[in-house]
Amino acid sequence: MKSLIGACVGAFCLAVPALAETPAAIVEDVQGKVDGIAFMDYVAPGKIIKLGPKASITLSYLKSCQRETISEGVVLVGADQSTVQLGEVKREKVPCDTNAAKLSEREANQSAATTFRTMRSDAKGGPAKLPTLYGVSPLVQAKAGGTLVIERTDGKEPTISVPLKSDAMVGGKFYDFAKTGKTLTPGGSYLAILGAKRYTFQIDASATSSPTPIIGRLLRLE
């Protein structure tokens, strides 16, 4: 088994001359022995992951919304999906919005007044399309130490203020609303305030409190 894995890794290395820096997927689950990979890690195209006997990993791709559960073997991370040798992979397309997974610097740094204008209309004068989350409990990526404020912008709702303490964050960089019982309203539009930055997003009208894949409720604020 080790010789086969070694051969596969060698073939993968020949196929990928250099590793890309931009993350392609996030690790949603790890079971068994998987060296160098942990829950909620980001992985870039070209990353090779070796799964030990009875080990498995779940990857969710940020660009393609492809969610993969891979058992054993060797995994080569791609841009939209993985290549797997000596193992099994099950794929499913899940609801996610790549704009929510990675907000642009323009959206992140604009002033509050500009944010509200952007939310009201797009460049052609029509309703603006906000990044969409498909779960009512966002998983927010942000630096620890600040305070995250969530305000409803299309209706009345109590403002949520969350101190981003390290011990309350998964891996020191993710705040999971689901773990604290905080929820937003399906169909609602929101403004997230983090320091001097402003981020707009919305919750899909069909979102529920049922368990939702991480990629569908991930909001990256850094």
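In the block above lies the structure referred to throughout.
Below, the structure is looked at part by part. (Residues numbered from 1 in each chain as written. Predicted model: local features only at pLDDT ≥ 70, side-chain atom pairs only at ≥ 80, totals over all residues. Heavy atoms only, no water.)

## Examining the pattern of salt bridges
Any two side chains of opposite charge can pair, on the condition that their charged atoms come close. Counting across every chain of the model gives 7 salt bridges. Across the pair Arg 67 and Glu 28 runs a salt bridge, and its minimum N-O distance is 3.2 Å. Of this pair, Arg 67 sits in strand E4 (residues 66-76) while Glu 28 sits in strand E1 (residues 25-31), placing them 39 residues apart in sequence. A single salt-bridge network, built from bridges that share partners, covers Glu 28, Arg 67 and Glu 92. (Salt bridge = Lys/Arg side-chain N within 4 Å of Asp/Glu carboxyl O. Helix = DSSP H or I, 4+ residues; strand = E, 2+ residues; numbered from the N terminus.)

## A short note on the packing of aromatic side chains
This model, assessed by the stated rule, comprises 3 aromatic pairs. Ring centres of Tyr 175 and Phe 177 lie 5.4 Å apart, and the angle between their planes is 90 degrees; on these two criteria the pair is classed as edge-to-face. We note that Tyr 175, like Phe 177, is buried. The cationic tip of Arg 220 hangs over the ring face of Tyr 42; the distance from NZ or CZ to the ring centre is 4.7 Å. (Phe/Tyr/Trp six-rings, centres within 6.5 Å; stacked < 30°, edge-to-face > 60°. Buried < 20%, exposed > 50% of the residue type's maximum accessible area, 1.4 Å probe, protein only. Lys NZ or Arg CZ within 6 Å of the ring centre and 35° of its normal.)

## Overview of unusual backbone geometry
Residues other than glycine predominantly adopt negative phi, and peptide bonds predominantly adopt the trans conformation. With phi around 75 degrees, Met 40 is a residue other than glycine that occupies positive phi space. With respect to the element layout, Met 40 can be found in the loop between E1 and strand E2 (42-43). On the accessibility criterion, Met 40 (2% relative accessible area) is buried. Of note, Cys 65 is a non-glycine position whose phi angle comes to about 60 degrees, a positive value. With respect to the element layout, Cys 65 can be found in the loop between strand E3 (48-61) and E4. With relative accessibility at 7%, the residue Cys 65 sits in the buried group.

## Structural notes on the sheet that holds strand E12 (residues 189-194)
If you trace the 5 strands from one edge of the open sheet to the other, you get E7-E13-E12-E9-E10, paired in mixed fashion. In this open sheet, the two strands that pair with only one neighbour each are strand E7 (132-133) and strand E10 (160-163). With 6 bridges joining them, E12 and strand E13 (residues 197-203) adopt antiparallel strand pairing. Opposite Leu 194, over in E13, you have Lys 197 as the bridge partner. (Pairing = 2+ DSSP bridges.)

## Quick look at the sheet that holds strand E14 (residues 218-220)
What the 3 strands build is an open sheet, ordered E11-E8-E14; its pairing is mixed. Both edges of this open sheet fall to strand E11 (174-176) and E14, since each of them pairs with a single strand only. Averaged over all adjacent pairs, the angle separating strand axes in this sheet is 20 degrees, with direction ignored. Across 3 bridges, the pairing between strand E8 (residues 139-141) and E14 is parallel. The partner of Gln 141 across the bridge, within E14, is Arg 220. (Axes fitted to C-alpha atoms, helices over the stretch in contact; angles between N-to-C directions.)

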